[in-house]
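A look at the structure
Read off the chains here:
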Amino acid sequence: MPSIYLNPLTDFGFKKLFGEEPNKDLLISFLNTLLPAHHQISELSYTKNEYQGISASDRKVIFDLNCMSPSGERFIVELQRVKQIYFKDRSLFYSTFAIQEQAQRGDWNYKLAAVYTIGILDFLMDDHQQEVFYHAQLKDQYNRLFYDKLNFIYLVLPRFNRQAHELTTLQEKWLYAFKHLHELEKIPNELQESIFQRLFTIAQVAQLPLAERQVYERSLKDYRDFMSAQDTAHLEGYQEGALVGIEKGKQMGLEEGKQMGLEEGKQMGLEEGKQMGLEEGKCETARRLLAKGMNVELVAELVGLSSETVQALI
């Protein structure tokens, strides 16, 4: 069945809900659940989200959302669906644009406003943490705060698994909305605050103009294709890894089997050699006794051989 509400993890859904001037109260409410008390905001303005770089040859950077508070704090808000090898490096690189644009011509004392790079991640970070919410700042070797104006905030959505009846804070409610808005048929009882009433009203797919609905359908298709490709890559990687593991296991088993067989063969050969040596010694003794004229039965009894074996030595 078609969804009733927009998927906020699509490009169109994210920018429709949080990137348009009439809807910035949604973004303000969401950001305030992430920001420390001294940087709570009541107003913000959208600024340019495209930067060319210092020179024409520099790489162009396009942010999902780029905002500024009346007191000058910068907020770069990025929706990240794909895992990148140097994801944290990318976040740091992005933050430099919000720092450089604060430079002033003429006499300037280098005083900077705070910069927040906020990543909404639809993948698991490669670390050993289990938290959904990260807030990172620069600290020294004694874990003391060195600089509080450069901030990196990450929300790891795959780690958020609370159900609607378990929601207690406004931040948890926003995270739940990000993950489940497109799956819902009505507003849950736990999300009855006025800000979520606004969210659900704006997010109705049916009220979109036809042109916007077509753009959303393309954005939704891109999102589904991306997720399908990612799942396929994971599956193929798992299968390839399993095959490699099986082959490696076979090889290791073969080598280990050879080694075990060699050791067992040595042991068996040693035992067999001992046994053959013992039998040969008995036979030689029997020959000497027979040469001295002893009868077969007596020789067999003395050396521990059967009468038939001794008889065959004559």
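Placed above this text is the structure.
The text that follows walks through the structure, step by step, so that each part is easy to find.

What counts, and where the lines are drawn
Residues numbered from 1 in each chain as written. Predicted model: local features only at pLDDT ≥ 70, side-chain atom pairs only at ≥ 80, totals over all residues. Heavy atoms only, no water. Pairing = 2+ DSSP bridges. Helix = DSSP H or I, 4+ residues; strand = E, 2+ residues; numbered from the N terminus. Contact = heavy atoms within 4.5 Å. Axes fitted to C-alpha atoms, helices over the stretch in contact; angles between N-to-C directions. Buried < 20%, exposed > 50% of the residue type's maximum accessible area, 1.4 Å probe, protein only. Arc of directions from axis to C-beta. Polar contact = N/O pair within 3.5 Å; in protein donor to acceptor, adjacent residues only side chain to side chain. Salt bridge = Lys/Arg side-chain N within 4 Å of Asp/Glu carboxyl O. Phe/Tyr/Trp six-rings, centres within 6.5 Å; stacked < 30°, edge-to-face > 60°.

1. Quick notes on the sheet that holds strand 4 (residues 65–68)
Overall, mixed pairing links the six strands, which are arranged 1-4-5-6-8-7 in an open sheet. What marks the edges here is a single partner per strand, and that holds for strand 1 (45–46) and strand 7 (133–139). The pairing of strand 5 (residues 74–80) with strand 6 (residues 115–121) spans seven bridges and is parallel. Bridge pairing in strand 6 links Leu79 to Ile120. Across the face of the sheet, helix 3 (residues 87–100) comes into contact with strand 5, strand 6 and strand 8 (145–156) while running at roughly 125° to strand 8.

2. Describing helix 7 (residues 296–303)
Three or four residues apart is the spacing at which side chains of an α-helix point the same way, because the helix has 3.6 residues per turn. Those residues of helix 7 that sit buried are Val296, Val299, Ala300 and Val303. Considered in projection along helix 7, the buried side chains sweep an arc of 100° and stay on one side of the axis. Across from the buried face of helix 7, at angles greater than 90 degrees, the exposed residues are Glu297, Glu301 and Leu302. Where helix 7 begins, one side-chain oxygen reaches toward the backbone nitrogen of Glu297, 3.3 Å away; that side chain belongs to Asn295. Residue Gly304 follows helix 7 closely and has a positive phi angle near 80°.

3. Details of the environment of Ser219
With respect to the secondary-structure elements, Ser219 resides in helix 6 (residues 210–291). You can call Ser219 buried: its relative accessible area is 11%. Sequence separation between Ser219 and Leu9 is 210 residues, and the spatial gap between their C-alpha atoms is 9.8 Å. Not counting residues within four places of it along the chain, the set of residues in contact with Ser219 comprises Thr10, Asp11 and Phe12. Polar side-chain contacts of Ser219 include one of 3.3 Å to the backbone nitrogen of Asp11.

4. Considerations on the pattern of salt bridges
Overall, the coordinates contain 14 salt bridges when judged by the stated rule. Glu20 is the salt-bridge partner of Lys16, the closest N and O atoms lying 3.5 Å from each other. Residue classification places Glu20 among the partly exposed residues on the basis of a relative accessible area of 29%. Several salt bridges converge on common partners, so that one network encompasses Lys16, Glu20 and Glu212.

5. A word on the pairing of strand 7
In this sheet, strand 8 lies alongside strand 7 in antiparallel orientation, the contact comprising six bridges. When the bridges of strand 8 are listed, Ala136 appears paired with Phe152.

6. What about the packing of aromatic side chains?
Geometry of an aromatic ring pair is reported as the spacing of the ring centres plus the angle between the planes. Counting across every chain of the model gives 14 aromatic pairs. Geometrically, the ring pair formed by Phe18 and Phe30 is tilted, given 6.0 Å between the ring centres and 45° between the ring planes. Pair noted here: Phe18 is in helix 1 (residues 11–18) and Phe30 is in helix 2 (residues 24–32), with a separation of 12 residues, a long-range link. When sorted by exposure, Phe18 lands in the same class as Phe30, which is buried. Judged by centre distance (5.3 Å) and plane angle (10°), the ring pair of Phe18 and Phe178 falls under stacked. With Phe18 in helix 1 and Phe178 in helix 4 (residues 170–180), this residue pair connects regions lying 160 residues apart in the sequence. This pair shows no difference in class: Phe18 is buried, exactly as Phe178 is. One aromatic cluster is present, built from ring pairs that chain together Phe14, Phe18, Phe30, Trp174, Phe178 and Phe196.

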